[in-house]
Amino acid sequence: MTGTSRTGRGYAHRGGRGGGAATAAVAVLALAAVTAGCKAQAADSAQAAPSAPASSSSGSPTEDAKPGGERTETASPSASATRTKEPAKAPPKPSGTPSSADPQGTVLIASGAEGKQVRELQARLRQIGHFNRSPTGYYGSVTATAVQSFQGKRGLSRTGKTDTVTWQKLLGMTHTPTAAELNPPTTVPVAEPDKRCLTGRVLCISKNSRTLSWMIDGKVVSSMDVRFGSQYTPTREGTFSVYWKSRHHVSSIYHTAMPYAMFFSGGQAVHYSSDFAARGYNGASHGCVNVRDEGKIASLFSQVRNGDKVVVYK
């Protein structure tokens, strides 16, 4: 639509030479503008709408509050002459703006971030009762809510973002997380095993507790956190057996890595998931049983044999 308006201005200037030519040109342009507008809105109406007010919004109070607010001078040629002296008075305003807009300092980490610092944040929040699960290393809505809770109890603005003031207060109230606090072996207690898990060599997988227990003759050898498929790609329930192991497997459908894969039902397998390790339960698999502790599944992979039983239950 922007290209059409520029073309319209070009024809308007040339049309001053003849009234009849101008009238014909305007009629043609009007028809072209209507047609172009219909196509743009049908293809992407959300993008077509903002293109028109872009120039007028530059003079809004919000933009003026930012350094370099002289964008308002583009409103008219005469305005630039009358406002050239204003920038000299403007510098004091930006210096006060950040403190009022962000009185808690610079934002360090916020929603969408991931990594070691996020994991430490979660572990520290858990130490004082604001984060009720194992650290995942991913800053999602649960972490943002936990930060808001902490900020509210300390009289800070409940932004949900970890800024310098929030971080310093948290450091002062907590200790450096231990390795076990940063990477706890299990999020929740292991569920009571299903009766089908009490004999033989079994991967006993509980959907309710979200745990996998490696059991031999009714005894738990090891356990670990697991994640399942979404409602559209659910993990199948029932009794199965491991029929294929693939240490460095890559999905032929989704082209994603599936290390330490132990297939038990069609394309569904127990395998390590780096996404699960980074994001925790904020995601889901395509039906496989994801494990987030690479060390544990590496050990499990070395022990499990083809033919070992797999029980998936609620």
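Here's what I pulled together on the structure shown here. (Residues numbered from 1 in each chain as written. Predicted model: local features only at pLDDT ≥ 70, side-chain atom pairs only at ≥ 80, totals over all residues. Heavy atoms only, no water.)

To continue, consider helix α9 (residues 164–173). Listed as buried for α9 are Thr166, Trp167 and Leu170. Buried residues along α9 cover an arc of 95 degrees about the axis, so they all sit on one side. α9 presents Gln168 and Gly172 as exposed residues on the side facing more than 90 degrees away from its buried surface. Each element contacted by the buried residues of α9 is listed here: β1 (107–109), α7 (116–127), α8 (141–153) and β2 (162–163). By the N-cap criterion, in which a side-chain oxygen at the helix start approaches the backbone nitrogen of a residue two or three places on, α9 is capped by aspartate 163, the distance to valine 165 being 3.2 Å. (Buried < 20%, exposed > 50% of the residue type's maximum accessible area, 1.4 Å probe, protein only. Helix = DSSP H or I, 4+ residues; strand = E, 2+ residues; numbered from the N terminus. Arc of directions from axis to C-beta. Contact = heavy atoms within 4.5 Å. Polar contact = N/O pair within 3.5 Å; in protein donor to acceptor, adjacent residues only side chain to side chain.)

The next thing to look at is the environment of arginine 210. Mapped onto the fold, arginine 210 is located in the loop between β3 (201–206) and β4 (211–216). The sequence separation of arginine 210 and lysine 314 amounts to 104 residues, and the corresponding C-alpha distance is 9.1 Å. With residues near it in sequence (within four places) discarded, arginine 210 still touches Met224, Asp225, Val226, Phe228 and Tyr281.

Under the counting rule described, the total for this entry stands at one cavity of 30 Å³ or more. A volume near 70 Å³ is recorded for the largest cavity. Contributing to the lining of the largest cavity are Gln122, Phe131, Arg133, Thr136, Tyr138, Gly140, Val142, Thr143, Arg279, Gly280, Tyr281 and Asn282. Looking at the lining of the largest cavity residue by residue, the class counts come to four nonpolar, six polar and two charged. (1 Å grid on protein atoms, 1.4 Å probe; cavity = no way out; pocket = protein on both sides within 12 Å on 5 of 7 lines; lining within 4 Å. Points joined across faces, edges and corners; volume = space filled by probe spheres on them. Nonpolar A, V, L, I, M, F, W, Y, C, P; charged D, E, K, R; others polar.)

When its volume is computed, the largest pocket comes out at roughly 510 Å³. If you trace the largest pocket, you find 25 residues lining it, with Tyr254, Thr256, Met258, His271 and His286 closest to the centre. Residue composition of the lining of the largest pocket, grouped by class: nine nonpolar, 13 polar and three charged.

Its location among the elements puts threonine 162 in strand β2. Exposure remark for threonine 162: the relative accessible area of 1% places this residue in the buried category. Of note is the side chain of threonine 162, whose polar atom sits 3.1 Å from the side chain of tyrosine 139. When neighbours within four sequence positions are excluded, threonine 162 is seen to be in contact with Val107, Leu108, Ile109, Leu121, Tyr139, Val147 and Trp167.

Taken together, nine strands build an open sheet; the order of strands is β6-β11-β3-β4-β5-β10-β9-β8-β7 and the sheet is mixed. Two strands lie at the open edges of the sheet, namely β6 (238–241) and β7 (244–250), each paired on one side alone. Going across the sheet, the axis of each strand differs from the next one's by a mean of 30 degrees, ignoring polarity. As judged from the six bridges shared by β4 and strand β5 (residues 219–227), these two strands associate in the antiparallel manner. By the bridge assignment for β5, tryptophan 214 is matched with serine 222. Along the sheet, helix α12 (residues 294–303) makes contact with β3, β4, β5, β7, β8 (257–265), β9 (268–272) and β10 (289–291), crossing β8 at roughly 50 degrees. (Pairing = 2+ DSSP bridges. Axes fitted to C-alpha atoms, helices over the stretch in contact; angles between N-to-C directions.)

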